[in-house]
Amino acid sequence: MKCDEVAEFVSALCDGEIIPQAAAEHIGRCAQCQALLREYTAMGAELRRVASLEPQYDVKPLSWEKQQGKLSILWRKGWGMMRIPRFAFAFLVGAVIVLGSSLAMVKVRARSEGSVLLITVTRSDGSNFHCALDEKDIPKASCANLGPEKGSMVGYQITLLSKNGNQVELGVRTAARTPEASFSTGDVAKTPQTTYLFEPGETLKLNVAGVGIAHMTGEWTDHVPVFPGEHHDMDPERNELRVMSPLLLKGRQVVADREGDSTSASSGQGIYVYSPTIGRYLISLSPMQGAVQAHVALNRISFQWDGDDYVFVTGAPVTRSNQQVWVLYEKDYKSDDVGVFGNGDLKHIAPEAVIPDTSTKN
Amino acid sequence: MADDQNLWKRIADGDIEAFDRFYRENAQSLYRFFRHMVGNVSVAEDLTQETFVEIWKRPQGVDPERGSLRAYLFGVARKKASEWWRTRKPTDGLDEAEQACDSSETASIVGDAFARLPAEQRMLLWLREVEGQSYMELASVFDVPVGTVRSRLFAAREALRRIWHRAHDKEGAAHEVR
């Protein structure tokens, strides 16, 4: 072996390690490697001497009991008592009161701002409907709703007459009919109007003759909600024809505008818009004698009559996509109503248009 | 090793008396190690205390099967010293370190040469020559195989010897000029 190869074992020998025989033999007869061993040994001895000159370290007594985790220290501190000046405590209490009242003021302010009165009427059977009345539409801010209630069809018409501060003057009409009879907003409009002073936040009781007591509440909002009516689901129910705030266009001309009125009908029933000047437009999920099939796309019912293009634009989707809709226009239809929007069984409101059901014959 | 395991079990169970004994037995050598690694008395004191506190707070960090308690202690210390060197500004503590090396009590050509070695070689050589740690313990401290310990010790000794010879030659030349 050569000295270079043995050098590492010289170092190991210095550490008291056993080395290979060949390396040991080489070191035994090599003066250079022996000199290296002496140097390594001398260096180690010198290092230990230097270390021995080091002054003694004063081992400070440490209190190991206090060496706890930050979490446990915080936990213990959290349960400890604290003294604060009375002024500081009074200031904290004052700050809580001020902040609390500020939040309450913000809440009140949010409810008292806005120009739209969102009314919720809870019928005597517990069901409810909503309507949105914008003060900018006074005196025409009005909504109507027709719906079943305790075995009857009950209609409500609510009109926003005036506003003074947070208080409003409301005109309310209610009417009830048997479910089989034709029923329209016109019927409701014919009933006497009762005037109420109403302030959002309070509950108003409405006596519906022969049916029961309905309750009305309200709040101010800064916008007209998407669904002010009783329906909150975007999709109509299966087999439901839903018409909310309809606007009827003939070409580019507005034929009828029933903003705020809403109702729905199922198969065998119809929804109509009537005025003495235009006649009656009857919409149904059932085919009718003389009716045309309409095209429905979301909130639009498009149809043609005598070469003219008509579109009902409503405030929400009208039917499910697989439902077919028919429209019958009776130009010469006459009624005592001045202007109506309503629904009813086809057998009652348009008996001559009913197509006899032949499926049960034979 | 059995005593080591027994002691460590008591420390892991929160036996204050056992840990305090461990602290008193090893604080001096740990301080001396830091003193020569960082060259600053107050830093060495701080690091000594930090090392013991860290072990006391996390006794589960040790695995008695892998090495002795002292090896674990110096393993933590080695990391602390390396960390200190990494975060140290270039001039921090330099004066005091130099002063310590040049003090009359510790004046030594080997000592000066030792101070010029890279930190890892200094730690290795110190733990072997001064603390007398075995190859197994050093392997645990530096987390390397035993064979690597042997070759690194040789490299450190050779580096120290070269520096020592250069310094010795310069000193001889200076005497001749006079």
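Residues numbered from 1 in each chain as written. Chains lettered and ligands numbered in written order. Predicted model: local features only at pLDDT ≥ 70, side-chain atom pairs only at ≥ 80, totals over all residues.

1. What about the overall build of chain B?
At step 1: A tally of helices and strands in chain B yields 9 helices and 0 strands.
At step 2: Reading chain B from its N end, one meets helices and strands in the order α-α-α-α-α-α-α-α-α.
At step 3: Among the 178 residues that make up chain B, the fraction classed as buried is 38%.
At step 4: Restricting to contacts in chain B with at least 6 residues of sequence separation, those with at least 24 account for 67%. (Helix = DSSP H or I, 4+ residues; strand = E, 2+ residues; numbered from the N terminus. Buried ≥ 20, exposed ≤ 12 C-beta atoms within 10 Å, placed from the backbone. Contact = placed C-beta atoms within 7 Å.)

2. Thoughts on the overall build of chain A
At step 1: For chain A, the helix and strand inventory stands at 7 helices and 20 strands.
At step 2: Put simply, chain A has 362 residues, and 31% of those count as buried.
At step 3: Residue pairs in contact within chain A that sit at least 24 positions apart in sequence constitute 62% of those at least 6 positions apart.

3. Comments concerning helix α2 (residues 16–38) of chain B
Helical geometry note: an α-helix holds 3.6 residues per turn, so side chains three or four residues apart project in the same direction.
At step 1: Its axis deflected by about 45° at B:N26, α2(B) carries its strongest bend there.
At step 2: Looking one or two residues beyond α2(B), the residue adopting positive phi is B:G39, at roughly 70°. (Bend = angle between axes of the 7 residues up to and from the residue.)

4. Quick notes on unusual backbone geometry
At step 1: One non-glycine residue, A:N239, lies in the positive phi region at around 65°.
At step 2: With respect to the helices and strands, the residue A:N239 is situated in the loop between β9 (212–221) and β10 (241–244).
At step 3: One non-glycine residue, B:D143, lies in positive phi territory at about 55°.
At step 4: Taking the number of C-beta atoms within 10 Å as the measure of exposure, B:D143 has 12 and is therefore exposed.

5. A few points about helix α7 (residues 119–129) of chain B
At step 1: With 8 of 11 residues buried, α7(B) is to be regarded as a mostly interior element.
At step 2: For α7(B), the full list of buried residues reads B:R122, B:M123, B:L124, B:L125, B:W126, B:L127, B:R128 and B:E129.

6. Let's talk about the sheet that holds strand β1 (residues 116–122) of chain A
All names here are of chain A.
At step 1: Spatial strand order, β2-β1-β9-β8: 4 strands in an open sheet with antiparallel pairing. Each of the sheet's edge strands pairs with one partner strand only, and the pair in question is β2 (128–134) and β8 (204–208). Ignoring which end each strand starts from, the neighbouring axes of this sheet average 25° apart.
At step 2: Summarising the sheet, β1 and β9 pair through 7 bridges and their orientation is antiparallel. Bridge assignment links T120 to a residue of β9, and that residue is T217. (Pairing = 2+ DSSP bridges. Axes fitted to C-alpha atoms, helices over the stretch in contact; angles between N-to-C directions.)

7. Quick notes on the packing of helix α3 (residues 41–57) of chain B against helix α4 (residues 69–87) of chain B
Two numbers describe a pair of packed helices, the interaxial angle and the distance between the axes.
Residue and element names in this part refer to chain B.
At step 1: With their axes 10 Å apart at the nearest point, α3 and α4 run at an angle of 130° to one another. Put simply, α3 runs oblique to α4. In terms of crossing hand, the pair formed by α3 and α4 is right-handed. Here V43, L47, E50, T51, E54 and I55 of α3 lie close against α4, whose contacting residues are L73, V76, A77, K80, A81 and W84.
At step 2: Residues belonging to the contact of α3 with α4 are distributed by class as follows: 8 nonpolar, 1 polar and 3 charged. (Parallel < 35°, antiparallel > 145°, perpendicular 65-115°, else oblique. Left-handed = near helix turned anticlockwise from the far one by under 90°. Nonpolar A, V, L, I, M, F, W, Y, C, P; charged D, E, K, R; others polar.)

8. Regarding the nonpolar core
At step 1: One finds A:V10, B:F34, B:V38 and B:A81 to be the most contacted residues of the largest nonpolar core, which totals 57 residues.
At step 2: Top contributing element to this core by residue count: α2(B), with 10 residues. (Core = buried A, V, L, I, M, F, W, Y, C linked by C-beta atoms within 7 Å.)

9. With respect to the pairing of β2(A)
Along any regular strand, the residues point their side chains to alternate faces of the sheet.
Residues and elements named next belong to chain A.
At step 1: In the sheet, β1 pairs with β2 via 7 bridges, with the strands oriented antiparallel. Paired with L117 across the strands is L133, a residue of β2.
At step 2: Hairpin connection, β1 to β2: the antiparallel pair is bridged by 5 residues, and G126 has positive phi, about 95°.

10. Looking at the interface of chain B and chain A
At step 1: In this complex, chain B contributes 31 residues to the contact, which on the side of chain A involves 23 residues.
At step 2: Elements with a contribution of two residues or more to the side of chain B that touches chain A: α2, α3, α6 (109–115), α7 and α9 (146–177) of chain B.
At step 3: If you tally residues by element for the side of chain B that touches chain A, the top one is α2(B), at 10 residues.
At step 4: Classifying every residue of the side of chain B that touches chain A by side-chain character gives 14 nonpolar, 6 polar and 11 charged.

11. Remarks on the sheet that holds strand β6 (residues 183–184) of chain A
Residues and elements named next belong to chain A.
At step 1: Taken together, the 10 strands give an open sheet; going across it, the order is β6-β20-β14-β15-β19-β16-β17-β18-β11-β12, and neighbouring strands pair in antiparallel fashion. Among the strands making up the open sheet, the edge pair consists of β6 and β12 (253–257).
At step 2: Across 3 bridges, strand β16 (residues 292–297) lies against strand β19 (residues 325–330) in antiparallel orientation. Within β19, the position partnered with V292 by the bridge is V327.

12. Notes on the pairing of strand β20 (residues 340–345) of chain A
Residues and elements named next belong to chain A.
At step 1: A large share of β20 lies buried, amounting to 5 of its 6 residues.
At step 2: Judged from the 6 bridges that link them, strand β14 (residues 269–275) and β20 form a sheet pairing that is antiparallel. Residue Y274 lies in a different strand from β20, and its bridge partner there is V340.

13. Side note on the environment of A:D332
At step 1: Positionally, A:D332 belongs in the loop between β19 and β20.
At step 2: Since 6 C-beta atoms lie within 10 Å of it, A:D332 is described here as exposed.

14. With respect to the packing of α7(B) against helix α8 (residues 135–142) of chain B
All names here are of chain B.
At step 1: With their axes 10 Å apart at the nearest point, α7 and α8 run at an angle of 150° to one another. Taken together, the axis directions place α7 and α8 in an arrangement best described as roughly antiparallel. You can see that α7 and α8 cross each other, and the crossing is right-handed. Where α7 abuts α8, its residues L124, L127 and R128 lie against L138, V141 and F142.
At step 2: Tallied by class, the residues present in the contact of α7 with α8 amount to 5 nonpolar, no polar and 1 charged.

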